[in-house]
Amino acid sequence: MPWIQIKINATAKTANKVSNMLMGLGAQAVTYMDAQDTPVYEPLPGETKLWGDTRCIGLFDAEVDPAPIVAFFQQHFGEDVPYQVELLEDKDWVREWMEHFQPMQFGERLWICPSWRDVPDPTAVNVLLDPGLAFGTGTHPTTALCLQWLDSLDLKGKTLVDFGCGSGILAIAALKLGAERVIGIDIDPQAIEASRDNAQRNGVSDQLELYLPEDQPKNFQADIVVANILAGPLRELSGLISGLVKPHGLMAISGILESQAPELLEVYSQWFAMNPATEREEWCRLDGIKKG
Ligand SMILES: C[S@@+](CC[C@H](N)C(=O)[O-])C[C@H]1O[C@@H](n2cnc3c(N)ncnc32)[C@H](O)[C@@H]1O
């Protein structure tokens, strides 16, 4: 399938916003590159490490008209925003894309490292990841919000459900941070496969059970549940997701736009003592403790 890539130059601070805009405009994938061989930007707590001049590259179906996309960025960042549009030859660009991922740190201890690159800090908690065609590399703010939350918890010996596990990134991070057993659930068989491969890569296969929703164990309750899906399914599945958490257990949901947070806070407050939303760009995470 032919593709075009639209490259927009940004800064370390605006790159995630540009990436979200590219995804919102229909990009199949977005990746970051160093635009000028500059040192890596030292992020504020909760930010991802990026270069001072970061090029955001959106991958689009070749049938997409680039003109309105470029016009959109010119409207937001000025007429002189540096950009490039390129037609790509026909090859497996989605996989090729993965080659651009760099190791990224989340919270205090956790690194997500593309499985084909060197680990920057062997003493850290390193998750080796190849997302395949499943969602979940850590570059999306919702995944980052969940990873930061997991990193902030004492997971030693705990059971956890990762609802909508995608690449398995959250499930495997939880296991590497000390969880004893994790159940990963996803409607997409490719996600189950990617999670299985990644668990193997990280030596945690024995502790990760993976299920399509219809096969998930009945009457199971975990100490912790994390669900990074979208606001719609989070609302519809709120009873089911809440039922997966033990009394006094913890729960985090993400995939929620800031504007959708108040409604979901109200829904989940039926079962949980909820904390205020944690925001990252226009996305947020809601978390709380199950009422007894
Ligand atoms: C945004 S991705 C999150 C992946 C990964 N957990 C992360 O945080 O990066 C959402 C995942 O949820 C899955 N999903 C969507 N709706 C679902 C549902 N109703 N039940 C189970 N999984 C679902 C999708 O297939 C996708 O893999």
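On a predicted model such as this, the values are computed, not experimentally measured, just so you know. In this numbering scheme, every chain counts its residues from 1 along its sequence in written order. A pLDDT threshold of at least 70 governs which residues receive local features in this predicted model, and a stricter bar of 80 or more applies before side-chain atom pairs are shown or counted, although totals over entire chains, interfaces and linings include all residues. Only heavy atoms go into the side-chain values, all of them from the structure, while hydrogens and water stay out.

J.: How should I be thinking about the site of the ligand in this particular structure?
T.: By convention in this text, a residue qualifies as near a molecule or strand provided that one of its non-hydrogen atoms is within 4 Å of it. In the region of the ligand, 16 residues are neighbours, and T143, G164, D186, N228 and I229 sit closest. Two N or O atoms count as a polar contact when they lie within 3.5 Å, although within protein this holds only if one can serve as hydrogen donor and the other as acceptor, and sequence-adjacent residues are included solely when both atoms are side-chain atoms. Between the ligand and the protein, one listed contact pairs a nitrogen atom with a backbone N or O atom of I187 at 3.3 Å. Between the ligand and N228 there is a distance of 2.8 Å, counted from an oxygen atom to a side-chain nitrogen or oxygen. Protein contact buries 84% of the 600 Å² of open area that the ligand shows by itself. Put simply, the parts of the chain that give the shell around the ligand at least two residues each are β8 (159-163) and α5 (169-176). Each residue is assigned to one class: nonpolar for Ala, Val, Leu, Ile, Met, Phe, Trp, Tyr, Cys and Pro, charged for Asp, Glu, Lys and Arg, and polar for all the others, Gly among them. The residue makeup of the shell around the ligand, split by class, is 8 nonpolar, 5 polar and 3 charged. For the accessible areas, the method is Shrake-Rupley and the probe is 1.4 Å, while residue cover comes only from the protein chains on display. Counting from the N terminus, the helices are DSSP H or I runs at least four residues long and the strands are E runs at least two residues long.

J.: I keep staring at the domain arrangement of the protein chain and nothing clicks. Help me out?
T.: How big an interface is tends to be reported as the loss of accessible area on association of its parts. Domain boundaries shown here were taken from an automatic or database domain assignment. According to the domain assignment, the protein chain consists of domain 1 (3-95) and domain 2 (104-290). Placing a centre on the C-alpha atoms of domain 1 and another on those of domain 2 gives a separation of 26 Å.

J.: In this structure, what is going on with the pairing of strand β11 (residues 222-228)? I would like to understand it.
T.: For a regular strand, the rule is simple: side chains alternate between the two faces of the sheet. Exposed residues in this analysis have more than 50% of their type's maximum accessible area, buried residues have under 20%, and partly exposed residues fall in between, with area computed by a 1.4 Å probe over protein chains only. With 7 of 7 residues buried, β11 lies mostly within the body of the structure. Paired strands, in this sense, are two strands between which DSSP finds at least two bridges. One ladder, built from 4 bridges, connects β8 with β11; its direction is parallel. Among the inter-strand pairings, D162 is bridged to a residue of β11, identified as V226. Judged from the 6 bridges that link them, β11 and strand β12 (residues 245-257) form a sheet pairing that is parallel. Bridged to V225 within β12 is M251.

J.: Would you mind going over α5 with me for this structure?
T.: Owing to its 3.6 residues per turn, the α-helix aligns residues three or four sequence positions apart on the same side. In terms of burial, α5 is a largely internal element, 7 of the 8 residues being buried. Listing the buried residues of α5 in full gives I169, L170, A171, I172, A173, A174 and L175.

J.: Please clarify how the pairing of strand β9 (residues 181-185) should be interpreted in this entry.
T.: With 4 of 5 residues buried, β9 lies mostly within the body of the structure. Across 4 bridges, the pairing between β9 and strand β10 (residues 208-211) is parallel. When the bridges of β10 are listed, G184 appears paired with L210.

J.: What is the right way to read the sheet that holds strand β7 (residues 125-129) from this model?
T.: Hydrogen bonding along the main chain pairs the strands of a sheet, whether they run parallel or antiparallel. Taken in spatial order, the 3 strands line up as β5-β6-β7 in an open sheet, and their pairing is mixed. Only two strands of the sheet have a single neighbouring strand rather than two, namely β5 (104-106) and β7. Between one strand and the next, the sheet's axes are offset by a mean angle of 25°, whatever the strand orientation. Pairing of strand β6 (residues 110-114) with β7, which is carried by 5 bridges, proceeds in the parallel orientation. What sits directly across from L110, in β7, is V125. Contacts were defined at the residue level, with two residues in contact if any of their heavy atoms lie within 4.5 Å. Between N-to-C directions, angles cover 0 to 180 degrees, with each direction set by a line fitted to C-alpha atoms, over the stretch in contact for helices. Packing against the sheet, α5 makes contact with β6 and β7, and its axis sits at approximately 150° to β7.

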